[in-house]
Amino acid sequence: MSVVDLNLVSRYIEVGREAERLLRKSDQEAYANLNLKWDRGLLQADAYIVLHCSVRGPAKGGIRMREDVSLKETRRLAELMTYKCALAKIPFGGGKSGIRINPKVLSPEARRALISEYVHMFAPYLQNGSYVPAPDMGTTPADMATIYGCTHIPESVTGKPPRIGGLPGREEATGYGVACTTRLAVRHVLGKDLRGVTVAVQGFGNVGKWTARFLAEWGAKVIAVSDVGTALYMDEGLPITEMSGISVLSESGLPEIPRDELLLLPVDVLIPAAIGGVIDEEIASKLQARLIIEAANDPTTAAGDAVLNERGISVIPDILANSGGVIASYIEWRQAKSGSLTDKSETYDVIDKQISRAYADVIDVVRQKGVSHRLAAQILAVDEVVQSMRDRGWI
Ligand code: NAD
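Since we're looking at a predicted model, the values are computed, not measured.

Trainee: Account for the overall build of the protein chain, with residues named and values stated.
Mentor: When helices and strands are tallied, the protein chain shows 14 helices and 13 strands. The globule rule puts the C-alpha radius of gyration for 395 residues at 21 Å, and the 20 Å found for the protein chain is close to it. Its C-alpha atoms give the protein chain principal-axis dimensions of about 55 × 50 × 40 Å. Look at the contacts in the protein chain between residues 6 or more apart in sequence, and 67% of them connect residues 24 or more apart. Split by element, the accessible area of the protein chain, about 16400 Å² in all, is 49% carbon and sulfur. Put simply, the protein chain has 45 plus and 48 minus side-chain charges, and the middle of one group is 3 Å from the middle of the other.

Trainee: Would you mind going over the pattern of salt bridges in detail, with residue names and values included?
Mentor: For the structure shown, the criterion picks out 21 salt bridges. Here Arg290 makes a salt bridge to Asp268, at a shortest N to O gap of 3.4 Å. Note that Arg290 is positioned in the loop between helix H9 (281–286) and strand S12 (291–293) and Asp268 in the loop between strand S10 (256–257) and strand S11 (269–272), a separation of 22 residues in sequence. When its relative accessible area of 11% is taken as the criterion, Asp268 is described as buried. Through salt bridges with shared partners, a single ionic network connects Arg64, Glu73, Lys96 and Asp136.

Trainee: Kindly report on the domain arrangement of the protein chain, identifying the contributing residues and their values.
Mentor: We note that the domain assignment places domain 1 (7–164) and domain 2 (173–312) within the protein chain. Each of domain 1 and domain 2 has a C-alpha centre, and these two points are 26 Å apart. Every contact between the two is made by eight residues of domain 1 and, on the other side, four residues of domain 2. Across the interface of domain 1 and domain 2, roughly 530 Å² is buried in total on both sides, 44% from carbon and sulfur atoms. The shortest N-O distance in the salt bridge between Arg76 and Asp298 comes to 2.6 Å. Linking domain 1 with domain 2 are two residue pairs in polar contact (both at pLDDT 80 or more). At four residues, helix H3 (residues 71–87) tops the list of elements feeding residues into the side of domain 1 that touches domain 2. Across the side of domain 1 that touches domain 2, the residue classes tally to three nonpolar, no polar and five charged.

Trainee: Report on the site of the ligand, specifying residues and quantitative values.
Mentor: Neighbouring residues of the ligand: 23 residues in total, closest Arg64, Asp136, Thr174, Ala274 and Asn297. Interatomic distance of 2.8 Å between a side-chain N/O atom of Arg64 and an oxygen atom of the ligand. Here an oxygen atom of the ligand sits 3.2 Å away from a polar atom, N or O, in the main chain of Gly205. Its free accessible area being 830 Å², the ligand has 87% of it covered by the protein chains. Of the residues contributing to the shell around the ligand, the split by class is nine nonpolar, nine polar and five charged. Two domains each donate at least three residues to the shell around the ligand, and these are domain 1 (7–164) and domain 2 (173–312).

Trainee: So what's going on with the packing of helix H7 (residues 170–190) against helix H12 (residues 324–338)? Residues and values would help.
Mentor: Put simply, H7 and H12 touch, their axes get as near as 7 Å, and they point 145 degrees apart. Here H7 runs over H12; the crossing is right-handed. Contact residues: H7 offers Arg170, Ala173, Thr174 and Gly177, while H12 offers Gly324, Gly325, Ala328, Ser329 and Glu332. Looking at the contact of H7 with H12 residue by residue, the class counts come to two nonpolar, five polar and two charged.

Trainee: Run through the nonpolar core, naming residues and quoting values.
Mentor: One finds Val225 and Val382 to be the most contacted residues of the largest nonpolar core, which totals 86 residues. Both of domain 1 (7–164) and domain 2 (173–312) provide at least three residues apiece to this core. Residue contacts for Val382: discarding those within four places in its chain leaves Val4, Leu6, Val9, Ile13, Val15, Leu23 and Tyr83. Of all hydrophobic cores here, the second largest spans 28 residues; its members include Ile49, Ala110, Leu114 and Tyr118.

Trainee: Which residues make up the environment of Thr181, and what values go with them?
Mentor: The topology assignment puts Thr181 in helix H7. Thr181 sits in the buried class, given a relative accessible area of 0%. Once the C-alpha coordinates of Thr181 and Thr211 are considered, the two residues, 30 residues apart in sequence, prove to be 10 Å apart. Contacts of Thr181, omitting those with residues within four sequence positions, involve Ile316, Leu320, Ala321, Ile355 and Tyr359.

Trainee: Go over the sheet that holds strand S8 (residues 221–226) with me, naming the residues and quoting the values.
Mentor: Hydrogen bonds along the backbone pair up the strands of a sheet, which may run parallel or antiparallel. Taken in spatial order, the seven strands line up as S10-S9-S8-S7-S11-S12-S13 in an open sheet, and their pairing is mixed. Looking along the sheet, the strands with just one partner apiece sit at the ends: S10 and strand S13 (314–316). Note: strand S7 (residues 198–202) against S11, four bridges, orientation parallel. Within S11, the position partnered with Ala200 by the bridge is Leu270.

Trainee: Can you lay out the packing of H7 against helix H13 (residues 344–369) for me, pointing to particular residues and giving the numbers?
Mentor: Following both chains from N to C, one finds H7 and H13 inclined at 40 degrees, their axes separated by 9 Å at the closest point. The angle between H7 and H13 places the two elements in the oblique class. Of the two possible hands of crossing, H7 and H13 adopt the one that is right-handed. Between H7, through Glu172, Ala173, Tyr176, Gly177, Cys180, Thr181, Arg183, Leu184, Ala185, His188 and Val189, and H13, the contact on the second element is made entirely by Lys344, Tyr348, Ile351, Asp352, Ile355, Ser356, Tyr359, Ile363 and Arg367. Looking at the contact of H7 with H13, its residues break down into eleven nonpolar, four polar and five charged.

Trainee: Help me get a handle on the state of the cysteines, residues and values and all.
Mentor: If you walk through the whole model with that rule in mind, you get zero disulfides. Free cysteine: Cys85, not disulfide-bonded; nearest cysteine sulfur from Cys53 at 10 Å. Looking at Cys180, it has no disulfide partner, and the nearest cysteine sulfur is the one in Cys85, 18 Å off.

Quick notes on the rules
Residues numbered from 1 in each chain as written. Predicted model: local features only at pLDDT ≥ 70, side-chain atom pairs only at ≥ 80, totals over all residues. Heavy atoms only, no water. Helix = DSSP H or I, 4+ residues; strand = E, 2+ residues; numbered from the N terminus. Rg over C-alpha atoms; globule rule 2.2 N^0.38 Å. Contact = heavy atoms within 4.5 Å. Areas by Shrake-Rupley, 256 points an atom, 1.4 Å probe, with all protein chains shown as cover. Lys, Arg positive; Asp, Glu negative; His and termini not counted. Charge placed at Lys NZ, Arg CZ, Asp CG, Glu CD. Salt bridge = Lys/Arg side-chain N within 4 Å of Asp/Glu carboxyl O. Buried < 20%, exposed > 50% of the residue type's maximum accessible area, 1.4 Å probe, protein only. Domains from an automatic or database assignment. Buried area = accessible area lost by both parts, 1.4 Å probe. Polar contact = N/O pair within 3.5 Å; in protein donor to acceptor, adjacent residues only side chain to side chain. Nonpolar A, V, L, I, M, F, W, Y, C, P; charged D, E, K, R; others polar. Near = heavy atom within 4 Å. Axes fitted to C-alpha atoms, helices over the stretch in contact; angles between N-to-C directions. Left-handed = near helix turned anticlockwise from the far one by under 90°. Core = buried A, V, L, I, M, F, W, Y, C linked by side-chain atoms within 4.5 Å. Pairing = 2+ DSSP bridges. Parallel < 35°, antiparallel > 145°, perpendicular 65-115°, else oblique. Disulfide = S-S within 2.5 Å.

Written out as C-alpha cells, the structure reads:
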C-alpha cells in the first residue's frame, strides 16, 4: 500500500487522474543479485534500487542494509522521499535502495567488496546521476566513500566523509533537523520551551544519538533511549553528552528497562528513531506521550495513526521531521557540482531555515483545513509534485 492516501489528499487539492496514475507506481525499479566468492563460501545479497518519482530531480534516498530489507519496504521508503524532498522544496526526486544482508556479519574488506559489487551492478543509475545514494540504517559514510571510489564522480553520492568532499555537519544533520522540529512542535503543540521537557528516543544510531544530544544541549530532559538490545532510563535525565562514544547501550553501565517499555513511558515527547512500523494500533492505544516526532521513516502504521488521531495526540510526520538529512545532502550535492565549500554553521542554518519554513506551511494547512500534521504535510508535498509534473509537461 502507498504511503500517501491519494484519495484522501484529493479531497483537499486537485491531484487528477494522470498524476495519480504516475504516483501510484515507481518510475523505475532495479534488482541485483550481489554475489562474491569470499573466504570459503559465497557471499550473497539481494539488492534493490527504486526511483519512485524523478519529476523534481534526481532520485535521492539512502541505502538500507539489513537482513530484512525487501522490495516492498524499499518502495515505501522511496515514495516517502519523493514527498519529503517536495515538502522541503529541494529539487530532488524520491528514491531508495536496499541491500538484504546483516551488516554485522561483514568484515570491513567483505563490506567494501560487496559495496563495490553493488556499484558495478547498478552502474547505469549511479554513473548517470539518476539515483544519488546516502547512508541509511546499516550503512555509513565509509560505505559512501567506497561508492565514490568506484564512480569517481563527487556528486554521485552524498554522506561522504568530510575530508573527501562530504559536508561538514552532514553526520548530525538529520538529528539536528529532528531536534529543530521538536523545538518548534513543543512550542506550538505543548506551548512550552524545551527546558525540562521529558523525551524518550527509540534508537541510538546516527539519528537517535544526535537528536538526543541536541535536545539535551538545548535543555530537554532525555530520560530514556533504546537500541536493538536494551533501553536505558533515568528519571533525572540521562548523561547524553557523555554517552556519545557508546555504541552498544547494554555496555554503558547505566540503569536499564526492558527495551520496548520505552514506547509507553509517560513523557512529553516520544521520538521513534529506529525501524518502521513500531507504533501500531496496540502501542498507539497505550502510549502516554503527548507529542510524537517521527525521526525514523514510516514508524507509525496506518491503524496506529488512526488511533493517535482519535486520541488527539499530535504526530509530526517523518517527511517533515527527518528532512534535515536530505536537505544537507542537497547542499553536499550542490557543493560537489560547483566546487564550492560549505561550513558547518551554514549547514545548520539552511536546515533550520528550511524546516522552520516547512513547519510553518504545515501549520497553516492544519489551521485552514482542520487536518492532522501528517495529512497537511502530504497535501503540501503532493501539490508540489503535481505542479512539477505540469511544469515538465508530464501531465
Ligand atoms: P542506524 O543504523 O545508525 O541506527 C539505528 C538504531 O536503531 C540502532 O541504535 C539500532 O540498535 C536501533 N534499533 C534497531 N531496531 C530497534 C528496535 N527494535 N528497538 C530499538 N532500537 C532499535 O540508523 P539511522 O541512520 O540512525 O536511521 C534510523 C532511522 O532514521 C531509520 O528509520 C532511517 O530510515 C531514518 N532516517 C535516517 C536518516 C539518516 O540520515 N541516517 C535520514 C532520514 C531518516
